Amino acid sequence: MAMPIAHASVSTAARRRGSLRPHGRARAILASYLFMLPSLLVIGVFMFWPILQIVWFSLHQWSFIATDHPYVGADNYRQLANDSRFWGDLHNTLLFTVGVVPASVLLPLPVAVALNRPLRGRAFFRAAYFLPAVSSYAVMAIVWSLLLQPDIGLLSRYLQLLHFPVADWLHDPSWALPAIMLVGIWKTIGFNMVILLTGIQGIPETYYEAAQVDGASTVARFFRITLPLLRPTLLFVTVTSMIASFQIFDPVFVMTGGGPLFSTETLVTYIYHEGFQLFDTGYASTIACILFLIMLVLTAVQLQVFRFQEED
Amino acid sequence: MLHRCFSSRMARLVCALAVSAAVLIPPQASGAASMTSLTFWNGFTGPDAPTIQTLVSRYNTANHSSISVSQNVMPWADLMTKLLASYAVGQGPDVAAFHLQYLPQYVQAGLIAPIDDAYSHGLSAAAIPPDLLRSLKIGGHYYGAPANYATLMLYWNKDLFRKAGLSQAPTTLAQMQADAVKLSHQGANPQYGIALADHATIPMWPILMWQNGGDVVTADHSKSLLAAPKTIQAVTSWATLIAKDHVSPVGLAGAEADSYFQGQKAAMEINGPWATSGYTQAHINYDVAPVPVGPAGPVTLSDAVILVIDKHSPNLAAAESFVKWWNQKPQQAYISLRSGFPPARTDMTSDTSLQKNPFVIKFARQAPYARFYLAGLKNFDKIDTDVITPAIQSIEYNRASPAAALRKAATQMNALLP
């Protein structure tokens, strides 16, 4: 008796869905892991292993100079808790992040919207905004150090011509960190602008056309269409900007060295000082572990705030 | 047929393996003596780089049949980061050059070789400046030899002095402070009497303390003298001049202080011989004078880069030969004439060949009064960057009185002393 067609189709479909025998399924899974193996090896060697190592170092009195490295348990963490310099550097890092991230996410947004329009010279402006992103941070920090010089710097000179007060930006504990924040914003605006521009270009035109037909204004289209659909891109630039801000090193090291009076020292420059200048690898690793945990928590919070979904 | 094909492929495979082996397996050493290769790491990246390169080339030419030295030159900060890690894993250079202050760390870590043998056969201990020689000896053994030696002097801008009605450099501490006030003015185009750097610099503030009879630490390194009355008095007098008369900018790094003098924004600077070529090329009308004498008598600061040998170097004898050659009179004369540094030998001050560079003899004559800063202290880096510099800066920025800041620094420093 011929099998009913529907039943035959279901059976074929079931086979096509890969209801493999257990042996075939195992081979498919094994093949998947083998394909992932090179990437896992690279990530394991260059990411997970160093993380495990710094946790190990943080539990020891570890130094390149010393021949033995005794286990000290949580002593490094107890020392850190009582280290006023660490708390000061954490404060500077948070201040830097709070000052730079919103500005470097929000300022490029209208620029990206504008550069998405068919403007004359659009390519030139896109390149001009992106230039800081491709410039060496350390080299640009040297240039900014000269620009901010109170006696011979260009920025100071123009401020004087406009009768604005001029401070010794990089030698004044009140102004040094804002000066470095300015450099940080300048450096990241271009990169974030390009990312946001790409996100805007990925929004289908049909939405805007439909909204125009319905009589929505430019502002309404921006807040009702552009911003919501840009959520994954905004999440990306916010998370990456935050991570970059917490890891800020180059401009601090080049422009102020962490001074004056530790007013610009950040967690990463403190890690560098302890680990590579004083060779106290154990203590530097302890600070690094705490920094890692802070960034992990903040990233999780951001993902929650932006209602991160798998398809994002 | 299959057998013939197999044989042919087998033959080709064997030939390929034989050729590979011939290329990849190095030939066995013959009975003739082979060249000894020495690696030499240093941080001579500045104007003295060509001088050092020529010196190494000369050594290679003189020893072309037996020893060849290859240099790896990098900024000092990179060198100190890389060197310790390299020695720790047995990948360090045979010979390295670094600043004297780092010697105790490397000796304590057991990374560098004692070179008493070199001092017994070739290196003249009597010719090395006494303070330097003392610093090279740890635990009864010599661990390094000089690569270069420097003293600090007072650079003064003759044009700025003349405009202020001054005809010569100050000779006493009181004159120095009075001249600094006279040479300073604020306004649209400020000028400073002196550019005093407080971080990332050859130390200047210790000289101001020594001038007045103060000090940083006792001779046996057992106690900090930052809170000593004469130290506090010295720092207070200069802090008052900076706050009231703006005789110096505050918070300067060494390179910034150099820029102020080179840009003729500061009339005086305490600096070493390395600055002479830059200032001469900038056509500054300047000269150098001994650091003005205070109540404690003539004093200045000395600095040295030393040569050390890897404890696990397989070429110890060749490395010692290179170090001894470096310290011979012709090589020291060459370094001095090209760099302006005084020779690291006290028996060359009347050498007429050194007259070709007038600065050499001037800096050499300061050697009897020159002292090293924090030499012999393992924690010198932490003491300088984490204790003394913040103390000086807190005084400069009026965050603390000199007495309070220096007493706090003395307590912190005592905790770091052996």
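About the criteria used
- Residues numbered from 1 in each chain as written.
- Chains lettered and ligands numbered in written order.
- Predicted model: local features only at pLDDT ≥ 70, side-chain atom pairs only at ≥ 80, totals over all residues.
- Helix = DSSP H or I, 4+ residues; strand = E, 2+ residues; numbered from the N terminus.
- Rg over C-alpha atoms; globule rule 2.2 N^0.38 Å.
- Buried ≥ 20, exposed ≤ 12 C-beta atoms within 10 Å, placed from the backbone.
- Contact = placed C-beta atoms within 7 Å.
- Nonpolar A, V, L, I, M, F, W, Y, C, P; charged D, E, K, R; others polar.
- Pairing = 2+ DSSP bridges.
- Axes fitted to C-alpha atoms, helices over the stretch in contact; angles between N-to-C directions.
- Arc of directions from axis to C-beta.
- pLDDT = per-residue confidence, 0-100.
- Parallel < 35°, antiparallel > 145°, perpendicular 65-115°, else oblique.
- Left-handed = near helix turned anticlockwise from the far one by under 90°.
- Core = buried A, V, L, I, M, F, W, Y, C linked by C-beta atoms within 7 Å.
- Domains from an automatic or database assignment.

Asker: Before we go on, may I ask you to explain the overall build of chain A in this structure?
Answerer: Secondary structure summary: chain A contains 15 helices and zero strands in total. In terms of C-alpha radius of gyration, chain A reaches 27 Å, well past the compact-globule figure of 20 Å for 312 residues. When the backbone C-alpha atoms are referred to their principal axes, chain A occupies close to 100 × 65 × 30 Å. Counting every position in chain A, which comprises 312 residues, the buried fraction comes to 27%. If you take every contact in chain A between residues at least 6 apart in sequence, the share linking residues at least 24 apart comes to 69%.

Asker: What's the story with the overall build of chain B in this structure? I'm lost.
Answerer: For chain B, the count of helices and strands is 17 helices and 14 strands. Considered along the principal axes of its C-alpha atoms, chain B spans approximately 105 × 50 × 50 Å. A buried classification covers 46% of the 418 residues belonging to chain B. A separation of at least 24 residues holds for 73% of the contacts in chain B among residues at least 6 apart in sequence.

Asker: Just checking my understanding: could you explain the interface of chain B and chain A for this structure?
Answerer: For interface size, the figure often reported is the accessible area lost on association. Counting residues at the interface gives 23 residues for chain B, matched by 15 residues for chain A. If one sorts the elements of the side of chain B that touches chain A by residue count, helix α16 (residues 380–396) of chain B sits on top with five residues. The residue inventory of the side of chain B that touches chain A, partitioned by class, reads 10 nonpolar, nine polar and four charged.

Asker: For this particular structure, what's the right way to read the sheet that holds strand β8 (residues 192–194) of chain B?
Answerer: Paired through backbone hydrogen bonds, the strands of a sheet run either parallel or antiparallel to each other. Residue and element names in this part refer to chain B. The four strands lie next to each other as β8-β11-β7-β12, forming an open sheet whose pairing is mixed. The open sheet has two edge strands, β8 and β12 (286–289), and neither has a second partner. Direction aside, neighbouring strands of the sheet carry axes that sit 25 degrees apart on average. Bridge count between strand β7 (residues 153–157) and strand β11 (residues 266–271): four bridges; the pairing is antiparallel. Note on β11: the bridge partner recorded for Trp156 is Met268. Contacting β7, β8 and β11, helix α11 (residues 254–262) crosses the sheet at an angle of about 140 degrees to β11.

Asker: I'm lost on the pairing of strand β13 (residues 300–309) of chain B in this one. Help?
Answerer: Two faces, one strand: in a regular strand the side chains alternate between the faces of the sheet. All names here are of chain B. The element β13 is extensively covered by neighbouring structure, given that 10 of its 10 residues are classed as buried. Residues of β13 alternate between two faces, with Thr300, Ser302, Ala304, Ile306 and Val308 on one and Leu301, Asp303, Val305, Leu307 and Ile309 on the opposite face, all of them buried. By the bridge criterion, five bridges tie strand β3 (residues 95–99) to β13 in an arrangement that is antiparallel. When the sheet's bridge partners are listed, Ala97 is paired in β13 with Leu307. Relative to β13, strand β6 (residues 145–151) runs antiparallel, the two being bridged by six bridges.

Asker: What exactly am I supposed to notice about helix α5 (residues 108–115) of chain A here?
Answerer: Because the α-helix completes a turn every 3.6 residues, residues three or four places apart line up on one side. Residues and elements named next belong to chain A. Listed in full, the buried residues belonging to α5 are Pro108, Leu109 and Ala112. Considered in projection along α5, the buried side chains sweep an arc of 105 degrees and stay on one side of the axis. Packed against the buried residues of α5 are α4 (84–106) and α9 (176–201).

Asker: Any chance you could explain the confidence of the model for chain A here in plain terms?
Answerer: Parts of the model with low pLDDT should not have their predicted coordinates read in detail. All names here are of chain A. Taken as a whole, chain A shows an average pLDDT of 88; of its residues, 91% reach a score of 70 or greater. Here helix α1 (residues 5–16) stands out as the least confident element of chain A, with mean pLDDT 46; α4 is the most confident, with 96. Below a pLDDT of 50 lies the segment residues 1–11, which in the model reaches one contact outside its immediate sequence neighbourhood of four places, other chains included.

Asker: Could you clarify how one ought to interpret the packing of helix α12 (residues 231–246) of chain A against helix α15 (residues 281–305) of chain A in this entry?
Answerer: When two helices pack together, you describe them by how their axes are tilted relative to each other and by the distance separating the axes. Residues and elements named next belong to chain A. Relative orientation of the contacting elements α12 and α15 amounts to 160 degrees, with a least axis distance of 11 Å. With respect to their mutual orientation, α12 and α15 come out roughly antiparallel. In the packing of α12 onto α15, the handedness of the crossing is right-handed. Judged by residue contacts, Thr238, Val239, Met242, Ile243 and Phe246 of α12 engage Leu291, Met295, Leu298, Thr299 and Gln302 from α15.

Asker: Got a minute to help me understand the nonpolar core in this structure?
Answerer: The nonpolar side chains of soluble globular proteins are, as a tendency, buried together. In this structure, Ala195, Ile306 and Val323 of chain B are the most contacted members of the largest nonpolar core, which totals 125 residues. Shared between two domains, this core takes at least three residues from each, and those domains are domain 1 (36–151 + 303–371) and domain 2 (153–290 + 379–416) of chain B. Ignoring sequence-local partners within four residues, the contact set of Ile306 of chain B consists of Ala97, Phe98, Leu100, Leu103, Leu136, Gly144, Ala145, Pro146 and Ala147 of chain B. Core analysis: the second largest hydrophobic core is formed by 41 residues, Leu109, Ala112, Ala179 and Ile185 of chain A among them.

Asker: Honestly, the domain arrangement of chain A in this entry has me stumped. Any pointers?
Answerer: Considered domain by domain, chain A is made up of domain 1 (5–44) and domain 2 (75–305). For domain 1 of chain A and domain 2 of chain A, the distance between their C-alpha centres works out to 44 Å.

Asker: Just to check I follow, could you spell out the confidence of the model for chain B for this structure?
Answerer: Residues and elements named next belong to chain B. Overall, the predicted model of chain B reaches an average pLDDT of 90, with 92% of residues at or above 70. At the level of individual helices and strands, chain B shows its lowest average pLDDT in helix α1 (residues 2–24), which scores 59, and its highest in β7, which scores 98. For this predicted complex, the interface score ipTM comes out at 0.79, while the overall pTM is 0.82.

Asker: Sorry if this is basic, but what is going on with the domain arrangement of chain B here?
Answerer: Residue and element names in this part refer to chain B. Once the domains are mapped, chain B shows domain 1 (36–151 + 303–371) and domain 2 (153–290 + 379–416). Taken over C-alpha atoms, the centre of domain 1 sits 29 Å from the centre of domain 2. Tallying the contact residues gives 15 residues for domain 1 and 11 residues for domain 2. Sorting the residues of the side of domain 1 that touches domain 2 by element identifies β6 and α15 (358–364) as the ones contributing at least two each. When residues in the side of domain 1 that touches domain 2 are grouped by element, the largest group, three residues, is from α15.

Asker: Looking at this structure, I do not really get unusual backbone geometry. What am I missing?
Answerer: A negative phi angle characterises most non-glycine residues, just as the trans form characterises most peptide bonds. Residues and elements named next belong to chain A. The step from Gly259 to Pro260 runs through a cis peptide bond, and the omega angle for that step is -10 degrees. Within the secondary structure, Pro260 sits in the loop between α13 (250–256) and α14 (267–277). Positive phi, normally seen in glycine, also occurs at Phe279, with a value near 60 degrees. Among the secondary structure elements, Phe279 is positioned in the loop between α14 and α15.

Asker: How should the pairing of β7 of chain B be read in this particular structure?
Answerer: All names here are of chain B. For β7, a buried count of five out of five residues is recorded, marking the element as mostly surrounded by other parts of the structure. In the sheet, β7 pairs with β12 via four bridges, with the strands oriented antiparallel. Following the sheet pairing, Leu154 is matched in β12 by Ala289.

Asker: Looking at this structure, how should I read the environment of Asp117 of chain B?
Answerer: Residue and element names in this part refer to chain B. Checked against the element boundaries, Asp117 lands in helix α5 (residues 116–120). Taking the number of C-beta atoms within 10 Å as the measure of exposure, Asp117 has 14 and is therefore partly exposed. Taking the C-alpha atoms as reference, Asp117 lies 11 Å from Lys324; in sequence the two are 207 residues apart.

Asker: I keep staring at the environment of Tyr33 of chain A and nothing clicks. Help me out?
Answerer: All names here are of chain A. Turning to its location among the elements, Tyr33 is positioned in helix α2 (residues 22–58). Using a count of 9 C-beta atoms within 10 Å as the deciding quantity, one classes Tyr33 as exposed. When the C-alpha positions of Tyr33 and Asp151 are compared, they lie 62 Å apart, and in sequence the two are 118 residues distant.

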